[in-house]
Amino acid sequence: MHDAVWLNARLATLAGPVIRDGALAAAGGRISWVGERREWKGDARVQHDARGAWILPGFVDCHTHLVYAGRRAHEFELRLKGASYEEIAKAGGGILSTVRATRAASEGELLSLAQRRLRAWLAEGAAVVEVKSGYGLDRDTELKMLRVARRLGGVTIKTTFLGAHALPPEYKGRADAYIDFVCDEVLPAAAAEKLVDAVDAFCERIAFSRYQTARVFDTARRLGLPVKLHADQLSDLGGAALAAKHGALSADHLEYTSPPGIEALARSGSVAVLLPGAFYFLRETRLPPISALRSHHVPIALATDHNPGSSPLSSPLLAMNMACTLFRLTPEEALAGFTVHAARALGMQSSHGTLEVGKAADFALWEIESPAELAYAIGANPCVGQVRAGAVQ
Ligand code: DI6
Ligand code: FE
């Protein structure tokens with residue numbers, strides 16, 4: 001006996017061809033049956049009529065910085081007047097301005113800010129949202145951010161430790177000492193509290209070197225944690241190749257990645273995570289190497305990169321649209337980027353990203369004519385139903 005079945009649905013399972021007249025059943029929070037309506041012979045306690053809606057896997061946003069305090073609209077104004085993101089960062093604004101506000105905020109304040117932001121993802125049927133630390137840069141605030149992430153409700157949260165995001169003012173001129181502190185104290189403490197699902201770093205001229213990043217990754221390996229990397233966003237520091245060498249789940253951004261970096265990603269099986277929100281908002285002109293990623297069969301995921309400085313974007317749907325208009329992804333690639341490939345970028349391919357028996361019954365219903373409409377319609381939200389762990393929300 002299944003708990004519930006949805007009939008009269010069109011299914012984009014992301015694991016095979018679309019099913020125009022489908023049925024999808026759930027039991028015990030998981031998908032228990034999926035296929036053609038005419039082949040459904042099961043029994044379910046509850047029967048839902050999907051009224052011809054499309055059922056798609058719940059979106060997976062595999063790269064966000066959702067937990068923070070403070071606002072940065074004034075930096076947007078400065079950039080519109082000609083200042084660059086890097087200039088603002090060097091003058092003590094940028095990430096460090098969010099660090100000041102996040103250190104000053106209580107855990108309760110951070111939780112209510114983040115939970116409120118998260119509503120936008122829930123409304124678009126998100127199933128999983130990854131949340132990074134990195135606006136604390138001291139032990140207590142990094143742990144506070146991760147605890148807040150763990151307490152967020154409504155979707156499955158994956159936490160990523162990003163202690164190596166920027167150099168805090170108290171370590172000015174002593175980046176190696178800060179990396180010692182991250183590796184010896186902060187990351188082990190966060191891991192001991194079971195607050196960390198993966199470890200990330202910002203490998204960039206204005207942040208940390210390849211060598212410093214590798215030290216963080218070595219610590220992650222000792223603690224048994226997978227790694228990901230902010231790679232080649234503003235310059236080509238060889239970040240993609242470094243991520244690949246460490247068997248990273250993903251390398252993210254990649255605007256400046258050169259061919260050897262892409263070949264390394266293809267060999268390591270890491271996912272390329274593209275972040276069109278940051279590209280758009282920073283008015284970047286250098287495109288990520290899409291055709292090389294395609295020809296090397298590197299899986300391409302998309303994410304919002306929601307953060308207050310370079311990508312104040314709260315809509316997976318809009319990120320899909322931007323990926324098509326700015327990066328020339330196809331709508332089909334954009335959808336795969338927020339489902340099947342994004343799940344893999346978080347190491348969740350066995351539970352999320354597709355509609356297959358045994359995976360979490362986390363899906364959304366959409367009033368659309370075809371899945372391409374999701375990437376096409378700017379600012380519309382045709383989501384008409386959300387199901388998480390088999391329960392209608
Ligand atoms: N790259 C980004 O785009 C964000 N972090 C990072 O490593 C920016 C974060 C911010 O400006 O607050
Ligand atoms: Fe980011």
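Only a predicted model underlies this, so the values are computations on that prediction, with no experimental measurement involved.

Asks: Mind showing me how you'd approach the site of ligand 1 here?
Replies: In the region of ligand 1, 14 residues are neighbours, and R72, Y85, Y135, H165 and S310 sit closest. Between an oxygen atom of ligand 1 and a side-chain N or O atom of R72, the distance comes to 2.8 Å. Side-chain polar atom of Q233 to a nitrogen atom of ligand 1: 3.0 Å apart, as the coordinates give it. Relative to its free-state accessible area of 320 Å², ligand 1 is covered by the protein chains to the extent of 100%. Looking at side-chain class alone, the shell around ligand 1 contains 4 nonpolar, 8 polar and 2 charged residues.

Asks: Mind showing me how you'd approach the side chain of T354 here?
Replies: Note that T354 resides in the loop between α14 (340-345) and β14 (363-366). Within polar-contact distance, the side chain of T354 engages the side chain of K359 at 2.7 Å. In this structure T354 touches T13, L14, A15, I31, P57, V340 and K359, once residues within four positions along its chain are discounted.

Asks: Which parts of the structure should I look at to understand the environment of G92?
Replies: Looking at the element boundaries, G92 is found in the loop between α2 (85-90) and α3 (95-104). Relative accessible area serves as the criterion here: at 22%, G92 is assigned to the partly exposed category. Placed 92 residues apart in sequence, G92 and D184 show a C-alpha to C-alpha distance of 26 Å.

Asks: Honestly, the coordination of the iron ion (ligand 2) in this entry has me stumped. Any pointers?
Replies: For a metal with four tetrahedral donors the ideal donor-metal-donor angle is 109.5 degrees, while six octahedral donors give ideal angles of 90 or 180 degrees. Only H63 (NE2), H65 (NE2), H230 (NE2) and D305 (OD) from the protein coordinate the iron ion (ligand 2), and they sit 2.1 to 2.3 Å from it. Because the angles between the 4 donor atoms bound to the iron ion (ligand 2) fall within 81 to 165°, the donor set is best described as irregular. All donor residues of the iron ion (ligand 2) come from one chain, and their arrangement in sequence is H-x1-H-x164-H-x74-D. Of this pair, H65 sits in the loop between β6 (59-61) and α1 (73-80) while H230 is found in strand β10 (residues 228-231), placing the two residues 165 residues apart along the sequence. Comparing H65 with H230, the two get one shared label, buried.

Asks: Which parts of the structure should I look at to understand the pattern of salt bridges?
Replies: Opposite charge on two side chains permits them to pair, given that their charged atoms come into close proximity. All told, the structure shown has 17 salt bridges when counted by the stated rule. Taking the shortest distance from any N to any O, the salt bridge between R205 and E86 comes out at 2.7 Å. Linking R205 in the loop between β9 (198-203) and α7 (210-222) with E86 in helix α2, this pair joins segments that are 119 residues apart in sequence. Given a relative accessible area of 54%, R205 falls into the exposed group. For E86, a relative accessible area of 19% gives the class buried.

Asks: I would appreciate a short explanation of the packing of aromatic side chains in the present structure.
Replies: Think of a pair of aromatic rings as described by two things: how far the centres are apart, and how the planes are tilted against each other in angle. Applying the stated criterion across every chain yields a total of 11 aromatic pairs. Taking 4.9 Å as the distance between ring centres and 15° as the angle between the ring planes, the aromatic pair formed by F76 and F281 counts as stacked. One end of the pair, F76, is in helix α1; the other, F281, is in helix α10 (residues 276-281), with 205 residues separating them in the sequence. Judged by its relative accessible area of 35%, F76 falls in the partly exposed class. According to the relative accessible area criterion, F281 is buried, its value standing at 17%.

Asks: Just to check I follow, could you spell out the pairing of strand β5 (residues 54-57) for this structure?
Replies: When a strand is regular, its side chains alternate between the sheet's two faces. In terms of strand pairing, strand β1 (residues 2-11) meets β5 through 2 bridges, oriented parallel. Paired with R10 across the strands is W54, a residue of β5. For β5 and β14, the ladder comprises 4 bridges, and the chain directions are antiparallel. By the bridge assignment, W54 is partnered in β14 with W366.

Calculation notes
- Residues numbered from 1 in each chain as written.
- Chains lettered and ligands numbered in written order.
- Predicted model: local features only at pLDDT ≥ 70, side-chain atom pairs only at ≥ 80, totals over all residues.
- Heavy atoms only, no water.
- Near = heavy atom within 4 Å.
- Polar contact = N/O pair within 3.5 Å; in protein donor to acceptor, adjacent residues only side chain to side chain.
- Areas by Shrake-Rupley, 256 points an atom, 1.4 Å probe, with all protein chains shown as cover.
- Nonpolar A, V, L, I, M, F, W, Y, C, P; charged D, E, K, R; others polar.
- Helix = DSSP H or I, 4+ residues; strand = E, 2+ residues; numbered from the N terminus.
- Contact = heavy atoms within 4.5 Å.
- Buried < 20%, exposed > 50% of the residue type's maximum accessible area, 1.4 Å probe, protein only.
- Donors = N, O, S within 2.8 Å, 3.2 Å for Na, K, Ca; no water.
- Tetrahedral: all angles 85-135°; square planar, octahedral: opposite > 155°, others 65-115°.
- Salt bridge = Lys/Arg side-chain N within 4 Å of Asp/Glu carboxyl O.
- Phe/Tyr/Trp six-rings, centres within 6.5 Å; stacked < 30°, edge-to-face > 60°.
- Pairing = 2+ DSSP bridges.

Don't take any of this as a statement about function, it's just geometry.
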